[in-house]
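Summary of the model geometry
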Amino acid sequence: RDVERSRGLGDVYKRQDLDSRIDELLSLNSLSASELNLLAMNLLADGYYDQSYKVLDKYSDVFPDQIDSETYAAYAETQYLINNLSFNANILKDLERSLYLDPSNHKALTMKGLYLFSQSEFELALKSWSVALENVDSEDQKKSFILVMNTALKELEIKKNNSK
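To start, this report covers the structure provided alongside it. Just so you know, these numbers come straight off a predicted model, no measurement behind them. (Residues numbered from 1 in each chain as written. Predicted model: local features only at pLDDT ≥ 70, side-chain atom pairs only at ≥ 80, totals over all residues. Heavy atoms only, no water.)

Topic: the side chain of aspartate 94
For aspartate 94, the location among the structural elements is in helix α5 (residues 89–101). Owing to a relative accessible area of 4%, aspartate 94 belongs among the buried residues under this scheme. A polar side-chain atom of aspartate 94 sits 2.7 Å from a polar atom in the side chain of glutamine 79. (Helix = DSSP H or I, 4+ residues; strand = E, 2+ residues; numbered from the N terminus. Buried < 20%, exposed > 50% of the residue type's maximum accessible area, 1.4 Å probe, protein only. Polar contact = N/O pair within 3.5 Å; in protein donor to acceptor, adjacent residues only side chain to side chain.)

What follows is the structure in structure tokens.
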């Protein structure tokens, strides 16, 4: 138990140290758009969602005209993860911005499909995911889409049977 407790404290100190280091970096105001974007994406990939959000926020403040579809999608994903896997108006707005800039952005389409699925809009979720499926290269990603699409199809069938 003591080992588990000390590991937990280690994680807390690690995150506090990371927060301090990120604050220092952001206060320098010398990072390029590419550096901020790369930092934010790496933090997101490593599971540091709050820190990624902070960097993306700085990025959008300093380089608002350089925000692309991928950045809006990452911004939405980060907010979704921070928000305990729940959608809100800001997340949906960022997804729409992402898809406006690139209607085939698979990350934004994935999240839009999740939102539609959560709203029991199974047909629309399937449409989002089928477009996303066409725009990924990884076999693992394709398998994931097929699994969620099968789930949506089952839900659609249940909904159809319940309406009879």
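A look at the packing of helix α7 (residues 122–134) against helix α8 (residues 139–162)
It is at 9 Å that the axes of α7 and α8 come closest, and there the two elements cross at 165°. Between α7 and α8, the crossing angle belongs to the class labelled roughly antiparallel. The element α7 and its partner α8 pack so that their crossing is left-handed. Contact residues: α7 offers Phe122, Glu123, Leu126, Trp129, Ser130, Ala132 and Leu133, while α8 offers Lys142, Phe145, Val148, Met149, Ala152, Leu153, Glu155, Leu156 and Lys159. Partitioning the contact of α7 with α8 into residue classes produces 11 nonpolar, one polar and four charged. (Axes fitted to C-alpha atoms, helices over the stretch in contact; angles between N-to-C directions. Parallel < 35°, antiparallel > 145°, perpendicular 65-115°, else oblique. Left-handed = near helix turned anticlockwise from the far one by under 90°. Contact = heavy atoms within 4.5 Å. Nonpolar A, V, L, I, M, F, W, Y, C, P; charged D, E, K, R; others polar.)

A short note on the environment of phenylalanine 117
Among the secondary structure elements, phenylalanine 117 is positioned in helix α6 (residues 106–118). Exposure remark for phenylalanine 117: the relative accessible area of 24% places this residue in the partly exposed category. Between the alpha carbons of phenylalanine 117 and asparagine 84 there is a distance of 17 Å; along the sequence they are 33 residues apart.

Details of unusual backbone geometry
Phi at leucine 85 is positive, roughly 60°, even though this residue is not glycine. Relative to the assigned elements, leucine 85 resides in the loop between α4 (69–82) and α5. A positive phi angle, near 60°, is found at serine 120, a position not held by glycine. Within the secondary structure layout, serine 120 lies in the loop between α6 and α7.

What about the nonpolar core?
Nonpolar side chains in soluble globular proteins tend to be buried together. Formed by 19 residues in total, the largest nonpolar core has its most connected members in Phe87, Ile91, Leu95, Met111, Trp129 and Phe145. Within the residue set of this core, elements represented by two or more residues are α4, α5, α6, α7 and α8. In this structure, Ile22, Leu44, Val55 and Tyr72 belong to the second largest nonpolar core, which totals 17 residues. (Core = buried A, V, L, I, M, F, W, Y, C linked by side-chain atoms within 4.5 Å.)

So, the side chain of glutamine 79
Relative to the assigned elements, glutamine 79 resides in helix α4. Excluding its chain neighbours within four sequence positions, the residues that come into contact with glutamine 79 are Tyr53, Asn90, Ile91 and Asp94.

Examining the packing of aromatic side chains
Overall, the coordinates contain six aromatic pairs when judged by the stated rule. An angle of 50° between the planes, with centres 6.0 Å apart, marks the rings of tyrosine 59 and phenylalanine 63 as tilted. Both residues of the pair, tyrosine 59 and phenylalanine 63, belong to the buried class. Judged by centre distance (4.6 Å) and plane angle (40°), the ring pair of tyrosine 80 and phenylalanine 87 falls under tilted. The buried category is assigned to phenylalanine 87, whose relative accessible area is 19%. Ring pairs connect the aromatic residues Tyr80, Phe87 and Tyr115, which therefore count as one cluster. (Phe/Tyr/Trp six-rings, centres within 6.5 Å; stacked < 30°, edge-to-face > 60°.)

Function-wise, these values are silent; they only describe arrangement.
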